[in-house]
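Residues per chain, in single letters:
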Amino acid sequence: MFNSFRSASKRAINSKLVTGAVATSALTASYVLYQDSQVAEAMTAAEHGLHPPEYGWSHNGMFDTFDHASIRRGFQVYREVCAACHSLDRVAWRNLVGVSHTTSEAKEMAEEFEYDDEPDDQGNPKKRPGKLADYIPGPYANEQAARAANQGALPPDLSLIVKARHGACDYIFSLLTGYPDEPPAGVQLPPGTNYNPYFPGGAIAMGRVLFDGLVEYEDGIEATTSQMAKDVTTFLNWAAEPEHDERKKMGLKAIIITSSLYLLAVWVKKFKWQPIKNRKIVWTPPRK
């Protein structure tokens, strides 16, 4: 009897201790979370950067394709502005044929560059004019040369830049058009950098490169900063997704075929199973 009383007393004490510990932990956690909420920041200094707004790109719709006139203008902007620092290693001259340029135009642009050829009989290296099968050459021979020309910064290759950046086209467009005349008060930039609120950290080695009237479009469209940014972004999106238009065409065909097969399957199911589902089975017991 006495032992039972002692056991019950111990259990009650243990239960109170556990309850007290849980309550203390809950109060401590609540206090810590409250204090953290008073000083919490939306992002760290390294993550500082505005989220780009969502623009209504003409190729974003389910059945929409690229604006190929914009792709042509965007390649002109890349060639006359961006190609001075950025490469386009994964795009060959032949990829432009039928998309933004004719075969003769692509051949003419390729022949402006020289590529390594097979050595002669004495083993001396030779050069040859570019062909459609060659890839668009970059501005620098190697990474070391690129860094030396850009104060240690390495300009990224633009072949897949739209896929490689969060925000895709919206980010590229916002970055190109988001340079303020002066950084905000209190912002300290490292030497050799420029302020852009859309770039993570705010400090970017690339300065503003697009200005009104910088290029002259052959189709007569006014080359404003926003127009050039839109065109080069469209071109870079095509460079990252050259299968974009064909993929949507195949998707539409797949939807039509699968929908037709589905409707056919529904009809066959009803046609085949209707007699089975509607039949009546009657069991007549044998007479004695």
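Conventions and cut-offs
- Residues numbered from 1 in each chain as written.
- Predicted model: local features only at pLDDT ≥ 70, side-chain atom pairs only at ≥ 80, totals over all residues.
- Heavy atoms only, no water.
- Axes fitted to C-alpha atoms, helices over the stretch in contact; angles between N-to-C directions.
- Helix = DSSP H or I, 4+ residues; strand = E, 2+ residues; numbered from the N terminus.
- Left-handed = near helix turned anticlockwise from the far one by under 90°.
- Contact = heavy atoms within 4.5 Å.
- Nonpolar A, V, L, I, M, F, W, Y, C, P; charged D, E, K, R; others polar.
- Parallel < 35°, antiparallel > 145°, perpendicular 65-115°, else oblique.
- Salt bridge = Lys/Arg side-chain N within 4 Å of Asp/Glu carboxyl O.
- Buried < 20%, exposed > 50% of the residue type's maximum accessible area, 1.4 Å probe, protein only.
- Phe/Tyr/Trp six-rings, centres within 6.5 Å; stacked < 30°, edge-to-face > 60°.
- Lys NZ or Arg CZ within 6 Å of the ring centre and 35° of its normal.
- Polar contact = N/O pair within 3.5 Å; in protein donor to acceptor, adjacent residues only side chain to side chain.
- pLDDT = per-residue confidence, 0-100.

Brief notes about the packing of helix α6 (residues 168-177) against helix α7 (residues 225-240)
Relative to each other, α6 and α7 sit at 145 degrees, their axes nearing to 9 Å. The way α6 lies across α7 gives a crossing that is right-handed. The residues of α7 that touch α6, namely those facing C169, I172, F173, L176 and T177, are T225, S226, A229, K230, V232, T233, L236 and N237. Classifying every residue of the contact of α6 with α7 by side-chain character gives seven nonpolar, five polar and one charged.

Things to note about the packing of helix α2 (residues 68-80) against α7
Pairs of packed helices are described in terms of their axes, by the angle between the two and the distance that separates them. The interhelical angle for the contact between α2 and α7, taken along N-to-C directions, is 100 degrees, at an axis separation of 7 Å. One element, α2, and the other, α7, form an angle in the roughly perpendicular class. Across from S70, I71, R73, G74, F75, V77 and Y78 in α2, the residues of α7 making contact are Q227, M228, K230, D231, V232, T234, F235 and W238. Across the contact of α2 with α7, the residue classes break down as eight nonpolar, four polar and three charged.

Topic: the pattern of salt bridges
The final tally for this structure, using the stated rule, is 13 salt bridges. For R72, the salt bridge goes to E105, with nearest N and O atoms at 2.9 Å. One end of the pair, R72, is in helix α2; the other, E105, is in helix α3 (residues 103-110), with 33 residues separating them in the sequence. Overall, the relative accessible area of 22% leaves R72 in the partly exposed class. Residue class for E105 comes out partly exposed when judged on its relative accessible area of 25%. Salt bridges here are not isolated pairs; linked through shared partners, they connect D67, R73, D219, K230 and D231.

A look at the packing of aromatic side chains
Within the structure shown, the criterion is met by ten aromatic pairs. For the ring pair Y55 and W57, a centre distance of 6.5 Å and an interplane angle of 75 degrees mean the geometry is edge-to-face. We classify Y55 as partly exposed; its relative accessible area is 30%. Pairwise contacts between aromatic rings join F75, Y78, W93, F113, F235 and W238 into one cluster. For the cation-ring pair, R73 lies above Y217, with the distance from its terminal atom to the ring centre recorded as 5.8 Å.

Regarding the side chain of H86
Here H86 shows up in the loop between α2 and α3. Within the local environment of H86, its side chain forms a polar contact with the backbone oxygen of P156, the two atoms lying 2.8 Å apart. Aside from chain neighbours lying at most four places away, what touches H86 is Y78, P139, P155, P156, L158 and M206.

Some details on the confidence of the model for the protein chain
Looking at the protein chain, the pLDDT average stands at 88 and 90% of residues meet or exceed 70. Looking across the protein chain, the model is least confident in helix α1 (residues 2-39), with a mean pLDDT of 67, and most confident in α7, with 98.

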